[in-house]
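Structural overview
In case you want the letters, here they are:
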Amino acid sequence: MTDALKRLSDEGVAIWLDDLSRKRITSGNLAELIDQQHVVGVTTNPSIFQKAISAGDGYEQQLADLAARKVTVEEAIRMITTADVRDAADILRPVFDATGGQDGRVSIEVDPRLAHHTTPTIAEAKQLAWLVDRPNTLIKIPATKAGLPAITEVIGLGISVNVTLIFSLERYREVMDAYLAGLEKAKAAGLDLSLIRSVASFFVSRVDTEIDKRLEKLGTDEAKALKGKAALANARLAYEAYEEVFSSDRWAALDKAGANKQRPLWASTGVKDPAFKDTLYVDELVAPGTVNTMPEATLEAAADHGAITGDTVRGTYDAARADLEAIGKLGISYDDVVKVLEDEGVEKFEASWNDLLKSTEAELERLAPSEG
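Residues numbered from 1 in each chain as written. Predicted model: local features only at pLDDT ≥ 70, side-chain atom pairs only at ≥ 80, totals over all residues. Heavy atoms only, no water.

This part covers the overall build of the protein chain. Of the regular secondary structure elements, the protein chain holds 17 helices and eight strands. Counting only C-alpha atoms and orienting by the principal axes, one finds that the protein chain spans roughly 70 × 50 × 40 Å. The burial tally for the protein chain puts 55% of its 372 residues in the buried class. The long-range fraction of contacts in the protein chain, counting pairs at least 24 apart against all pairs at least 6 apart in sequence, stands at 80%. Of the roughly 15,500 Å² that the protein chain leaves accessible, carbon and sulfur atoms contribute 51%. (Helix = DSSP H or I, 4+ residues; strand = E, 2+ residues; numbered from the N terminus. Buried < 20%, exposed > 50% of the residue type's maximum accessible area, 1.4 Å probe, protein only. Contact = heavy atoms within 4.5 Å. Areas by Shrake-Rupley, 256 points an atom, 1.4 Å probe, with all protein chains shown as cover.)

Right under this line is the structure:
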């Protein structure tokens, strides 16, 4: 076992786990990962909770109590998921304190059915922040068109946000703009900007999955030579945009007022194509001030045989642009790809949420006490 994860941390990449379950909390596994694998944060999403609750480990007693109270299935899910996030936040609290609030964070997502509705997203974000009631929580809001004003409003209220489902460079710039606008609102309201944190979750592997499928269909040697290049190019150019925005005059004024940069977070870093090295999206996205949230299999692979050789992002921007341009010249539309990915991302989370509703409802019915 190499200590590639320590080297990754030393390069300024915060390692977060892209998974959570009650069993992981109660077994001591999460605490072990923090202690031994340099994990300093946790992300969740509807798919993760759907898998955890469907597996059933550790949820039966709470489900039985909720069934006895005859709560709605939506309320049951929120009680269960916020309990897990609260407990995980407590386990990560020493990390939060040691890093001055930068890490030790746990993310929880607004109901994905609200992705295209601004006002309910704001209301849900406020409710989740109140329910979890831990300073080291991040509320996840999708980077849809309707999500952007919600991000500004929620940041403006002093609630820390993880912006999720970012695929395009244009949308990422809009996300950073929404964050800065939120900080400006918070500043005008007299809030302490140093307490507000945000990450921008830029999705990686799904870009390769979609573009490589189109390259494969073209079938030419030129097309095949570009497989596995789009996702890294896209993420590296996102970091270039991050450097630009957070060295602007607009940012300087907020920085002076105590604000924190919105860190880029590499999401969807599990490799989908077996032809690629399983640590591709870890080894090749090393840059200071970033987060890499990994599924457990990727975390284990990175710990075992990750090749951390220093910064692999800065200095690559021209080559990254050339790769995306070459893909565009083959007739693959970047704008179409990122739109498909955003639409699919929202749909997948909504489908997982609906599955979670159904399985939880079945459990509540099964555990409901007989009348009397």
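After presenting the structure, the write-up continues.
On to the sheet that holds strand E1 (residues 13-17). Around the barrel, which closes on itself, the eight strands sit in the order E1-E2-E3-E4-E5-E6-E7-E8 with parallel pairing between neighbours. Direction aside, the axes of adjacent strands within the sheet are offset by 30° on average. Contacts from helix H8 (residues 147-156) reach strand E4 (137-142), strand E5 (161-166) and strand E6 (198-203), with the element oriented near 155° to E4. (Pairing = 2+ DSSP bridges. Axes fitted to C-alpha atoms, helices over the stretch in contact; angles between N-to-C directions.)

Our focus in this paragraph is the pattern of salt bridges. Considering all chains together, one arrives at 32 salt bridges under this definition. A salt bridge links Glu-60 to Arg-366; its shortest N-O distance comes to 3.0 Å. One end of the pair, Glu-60, is in helix H5 (residues 60-68); the other, Arg-366, is in helix H17 (residues 334-367), and 306 residues separate them in sequence. Given a relative accessible area of 43%, Glu-60 falls into the partly exposed group. The partner of Glu-184 in a salt bridge is Arg-250, and the shortest N-O contact between them spans 2.8 Å. Pair noted here: Glu-184 is in helix H9 (residues 169-188) and Arg-250 is in helix H13 (residues 249-256), with a separation of 66 residues, a long-range link. By relative accessible area, Glu-184 is classed as partly exposed at 32%. On the accessibility criterion, Arg-250 (30% relative accessible area) is partly exposed. Linked by salt bridges that have partners in common, Lys-145, Arg-171, Glu-174 and Glu-342 make up one network. (Salt bridge = Lys/Arg side-chain N within 4 Å of Asp/Glu carboxyl O.)

In this section: the pairing of strand E7 (residues 263-267). In terms of burial, E7 is a largely internal element, five of the five residues being buried. Both faces of E7 are covered, namely the face carrying Arg-263, Leu-265 and Ala-267 and the face carrying Pro-264 and Trp-266. Pairing between E6 and E7: five bridges, direction parallel. The partner of Val-199 across the bridge, within E7, is Arg-263.

A few words now on the side chain of Asn-136. With respect to the element layout, Asn-136 can be found in the loop between helix H7 (118-132) and E4. Taking the relative accessible area as the measure of exposure, Asn-136 reaches 1% and is therefore buried. Apart from the residues lying within four places of it in its own chain, the contact partners of Asn-136 are Ala-89, Leu-92, Arg-93, Phe-96, Gly-104, Arg-105 and Val-106.

This next bit is on the nonpolar core. Grouped together as the largest cluster of nonpolar side chains are 108 residues, with contacts concentrated most on Tyr-172 and Leu-183. Apart from the residues lying within four places of it in its own chain, the contact partners of Tyr-172 are Ile-166, Ala-200, Phe-202, Ala-238, Ala-241, Tyr-242 and Pro-264. Ranked by size, the runner-up nonpolar core spans 15 residues in total, among them Leu-5, Leu-8, Val-13 and Val-39. (Core = buried A, V, L, I, M, F, W, Y, C linked by side-chain atoms within 4.5 Å.)

This brings us to the packing of H5 against H17. How two helices sit against one another is set out by the angle between their axes and by the gap between those axes. Interaxial distance between H5 and H17 falls to 8 Å at its minimum, and their mutual angle equals 70°. Looking at the two axes, H5 sits roughly perpendicular to H17. Residues Glu-60, Leu-63, Ala-64, Leu-66 and Ala-67 of H5 touch H17, and the partners they reach there are Thr-360, Glu-363, Leu-364, Arg-366 and Leu-367. A per-class count over the contact of H5 with H17 returns six nonpolar, one polar and three charged. (Parallel < 35°, antiparallel > 145°, perpendicular 65-115°, else oblique. Nonpolar A, V, L, I, M, F, W, Y, C, P; charged D, E, K, R; others polar.)

The interhelical angle for the contact between H9 and helix H12 (residues 230-245), taken along N-to-C directions, is 30°, at an axis separation of 10 Å. Considering the angle they form, H9 stands roughly parallel to H12. Handedness of the crossing formed by H9 with H12: right-handed. When H9 is examined against H12, the residues Leu-169, Tyr-172, Arg-173, Met-176 and Leu-180 are found in contact with a partner set consisting of Asn-234, Leu-237, Ala-238, Ala-241, Tyr-242, Glu-244 and Val-245. (Left-handed = near helix turned anticlockwise from the far one by under 90°.)

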